[in-house]
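# Fold and geometry: a report
Below, each chain spelled out in residue letters.
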Amino acid sequence: MATLLYRLGRASLRRRWLVAVGWLVVLVGLGVAAATLHGPTASNFTMPGTESQRAIDLLADRFPAASGATGTIAVKAPQPGQLMSPEGQAVVRQVTQEAATLPGVVGAVDPYQVKALSPDGRYALIQVQFKGRADDVTDAQRAAYEKVGAQAEGWQIAPGGEVLNSEPEVGSTEALGVLVAAIVLVVTFGSLVAAGMTMLNALIGVGVGMAGLFALSGAVELTSTAPILALMLGLAVGIDYSLFITSRHRQNLLDGLSPEEAVGRAVGTAGSAVVFAGATVVIALAGLAVVDIPFLTVMGLAAAGTVTIAVLVAITLAPALLGFAGRRVLPRKLRNAAAATAAASRPGFGFRWAHWVTKLRIPVILVGLLGLGLLALPAQDMRLALPDAGTAPEGTPARASNELIREGFGPGFTGRLAVVVTADSPQATQAAVPQVTALIQKTDGVLAVAPPQLDPTGRTALLGVIPKTGPTDEATETLVHDIRRQVAGIDTADVLLTGVTAIGIDVSEKLSDALPVYLLLVVGLSILLLMLVFRSILVPVKAALGFLLTVAATFGITVAVFQQGHLADLVGLDTPGPLISFLPILLIGILFGLAMDYEVFLVSRMREDFVHGDTARQATINGMGHGARVVTAAALIMISVFSGFIFLDDPVIKSMGFALAIGVAIDAFVVRMTIVPAVMSLLDNAAWWLPRRLGRILPNVDVEGEGLRAHLADKEPANV
């Protein structure tokens, strides 16, 4: 592979105009396709095979009027008891009538008819039924709904409900992250040309990836978080992959190679590691499909697509741009041969750090393990749930409505459950409904059961259930299971529990069940892939254990901040709560790929020097010395990009950006650059042991470029 990439790098440089124009044509073409074919994103989380989803599908078939999105308008009168006055009733009924006549609304329920009034006569709830799902509600319909009751002076009218779910917006904080990444590049390279070229390369790649993703969104349903995740990852790895190749190219220039030969060898060596690292990320993200959760599969594939584009851009467009730059990718002071030779022979901080770590390897390992273990402790209390309006940013309509409902009626009214009772005949349904109602009413944790609504045929009934606790409360999760057990004995009708709260609980439980399976898959995959790359038993095992340490510590810190609320103000989080249910499994997939990036870039140089005669300890020092600066820059860039998403208002994106930034920091600086060299020096020659029989079976991937050196040794190296 290294020889093939060497030839590709040289060809890309020689035909740089063709390569550059080709990528620009692809970018413009996909941009036009995205503008014309772009479809809406979805904010709902469907989960085939769960009871709550079966109930939703059944309602859509038999009771379509009740299967659409719902809204709840909270009303607060200026004074207690004012709702019962003629003037108060007139205000509430006017708001109800206004809501009922909105475009896309099937009807609104008069709170006086269903007694949706607080005991003190100050609060009322108006239920609004929309025709379509929340994702089918247009922006104009949503805006009209938010303005309901605006004319009622002195009254608090707060429209809320699932129809207010909207796409997270990308703003200036992400641009700040990119700016920090650009500064890191300038400091690392000491050259505006090299930094600008690397950033341009990454931006073109992420532009192509995002345009392609949006072009497909008209045919494939994307969740609202999928494009954000794809942007986050595509930008981070795009900068890093270009950084690795540019850095090796600069080193080759300092060694006296011509630009064409330097770029060929850079793509053949660093490019091999980029291809392997990118393939690892893609496999991990595409592997999310094995958990059989549609929205998670789409998120994984979307992110995997942008990473694939980032790899292709790095090994083709980066060499072309390096050809345009020539020796200007070097700082001015290093563009002459004498200065370049002196710079190449000067040891840097990486060598000094490696000497210190290998000398004090036992204390370093113990302190590292103890520290990461302590950081991981909060993870044992981790709770998962889908976000509700109670965690929405303060000041948003959804949050205002949620707080008003809690204030007037209690937390249970913000997480209503729905029970679907269906049978083959109206008589059977009518006979089953009283039994179901009685069983639910005597279940601990139930506040009230609303009268049934019947479909036109009378065969399907819908009952509303009000819990005593909020939608993300542990007691509500227990209640959902208790209700299902209570009604399981009814055999004259099918009884299904659903609602936004029940769906969230079902999604979280399925994801929790899938987490150990996916973790085992990822760890097994890492051991196998690294065994192919490094032809060793202990190096892959060490890498997998380091990855588990990273994941555990990252989970612990994320739980401490986002669930327990420690230092929450620093990230702009106003309401701590359970982690978003798909965060852990997504985090494992992404961090696995990124952790393997740093492992490959550092350890491949260690193996390279060991194979060429250095002692195991010296090879470890050399690998760290040559790779520390680049890996440090790469990690800082990723942390900067991910951190740019922390300050978005959306709590889902905020937690994803935080967890990824912390995970990269821990893996790069604590695990890969501290614990790994200490362990490698401790293992000494045993680190590279591989049974002969296994060595004959394993294919030679040649990420270090041994085959390329042999190829170059067979002929006089060109332009040296």
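Residues numbered from 1 in each chain as written. Predicted model: local features only at pLDDT ≥ 70, side-chain atom pairs only at ≥ 80, totals over all residues. Heavy atoms only, no water.

### A word on empty space enclosed by the protein
Summed over all chains, the structure comprises 2 cavities of 30 Å³ or more. As a volume, the largest cavity reaches approximately 190 Å³. Lining the largest cavity are 17 residues; nearest its centre among them are Thr391, Pro578, Leu579, Ile580 and Pro651. Broken down by element, the lining of the largest cavity gets its largest block of residues, 3 residues, from helix α21 (residues 651-683). (1 Å grid on protein atoms, 1.4 Å probe; cavity = no way out; pocket = protein on both sides within 12 Å on 5 of 7 lines; lining within 4 Å. Points joined across faces, edges and corners; volume = space filled by probe spheres on them. Helix = DSSP H or I, 4+ residues; strand = E, 2+ residues; numbered from the N terminus.)

### Notes on a nonpolar patch on the surface
A contiguous nonpolar surface patch, about 460 Å² in accessible area, is contributed by Leu176, Leu179, Val180, Ile183 and Val187. Mapped onto the elements of the fold, Leu179 is located in helix α6 (residues 172-189). (Patch = residues over 30% accessible without salt bridge, like charges linked within 9 Å, V, L, I, M, F, W, Y side chains within 5 Å. Areas by Shrake-Rupley, 256 points an atom, 1.4 Å probe, with all protein chains shown as cover. Salt bridge = Lys/Arg side-chain N within 4 Å of Asp/Glu carboxyl O.)

### So, the packing of aromatic side chains
Taken as a whole and assessed by the stated rule, the structure comprises 10 aromatic pairs. Considering the side-chain rings of Trp17 and Phe324, the 4.9 Å spacing of their centres and the 75° angle between planes classify their relative orientation as edge-to-face. Here Phe324 lies in helix α10 (residues 294-325) and Trp17 lies in helix α2 (residues 16-37), a separation of 307 residues in the sequence. Judged by relative accessible area, Trp17 falls into the exposed class, the value being 63%. Members of the aromatic cluster, connected to one another through ring pairs, are Tyr123, Phe409 and Phe413. The ring of Phe324 carries the charged tip of Arg16 above its face, separated from the ring centre by 5.8 Å. (Phe/Tyr/Trp six-rings, centres within 6.5 Å; stacked < 30°, edge-to-face > 60°. Buried < 20%, exposed > 50% of the residue type's maximum accessible area, 1.4 Å probe, protein only. Lys NZ or Arg CZ within 6 Å of the ring centre and 35° of its normal.)

### Thoughts on the packing of helix α8 (residues 226-254) against helix α20 (residues 616-643)
The N-to-C vectors of α8 and α20 enclose an angle of 160°; their axes lie 9 Å apart at closest approach. Of the possible angle classes, the one that applies to α8 and α20 is roughly antiparallel. By crossing handedness, the relation of α8 to α20 is classed as right-handed. On α20, the residues that touch Met232, Leu233, Leu235, Ala236, Val237, Ile239, Asp240, Leu243, Phe244 and Ser247 of α8 are Val630, Ala633, Ala634, Ile637, Met638, Val641 and Phe642. By residue class, the composition of the contact of α8 with α20 is 15 nonpolar, 1 polar and 1 charged. (Axes fitted to C-alpha atoms, helices over the stretch in contact; angles between N-to-C directions. Parallel < 35°, antiparallel > 145°, perpendicular 65-115°, else oblique. Left-handed = near helix turned anticlockwise from the far one by under 90°. Contact = heavy atoms within 4.5 Å. Nonpolar A, V, L, I, M, F, W, Y, C, P; charged D, E, K, R; others polar.)

### A look at helix α16 (residues 474-487)
Compared with the 20 Å implied by 1.5 Å per residue over 14 residues, the 21 Å span of α16 between its first and last C-alpha is a close match. Those residues of α16 lying buried are Thr476, Leu479, Val480, Ile483, Arg484 and Val487. Down the axis of α16, the buried side of the element spans an arc of 130°, and every buried residue falls inside it. Exposed residues lying more than 90 degrees from the buried face of α16 are Glu474 and Arg485. The backbone nitrogen of Ala475 has a side-chain oxygen 2.8 Å away, supplied by the residue at the start of α16, namely Asp473. (Expected span 1.5 Å × (residues − 1). Arc of directions from axis to C-beta. Polar contact = N/O pair within 3.5 Å; in protein donor to acceptor, adjacent residues only side chain to side chain.)

### Brief notes about the pairing of strand β4 (residues 123-130)
β4 sits mainly inside the fold: 7 of its 8 residues count as buried. The pairing of strand β2 (residues 70-76) with β4 spans 7 bridges and is classified as antiparallel. By the bridge assignment for β4, Ile73 is matched with Ile126. As paired strands, strand β3 (residues 105-108) and β4 are joined by 3 bridges and run antiparallel to one another. When the sheet's bridge partners are listed, Val105 is paired in β4 with Phe130. (Pairing = 2+ DSSP bridges.)

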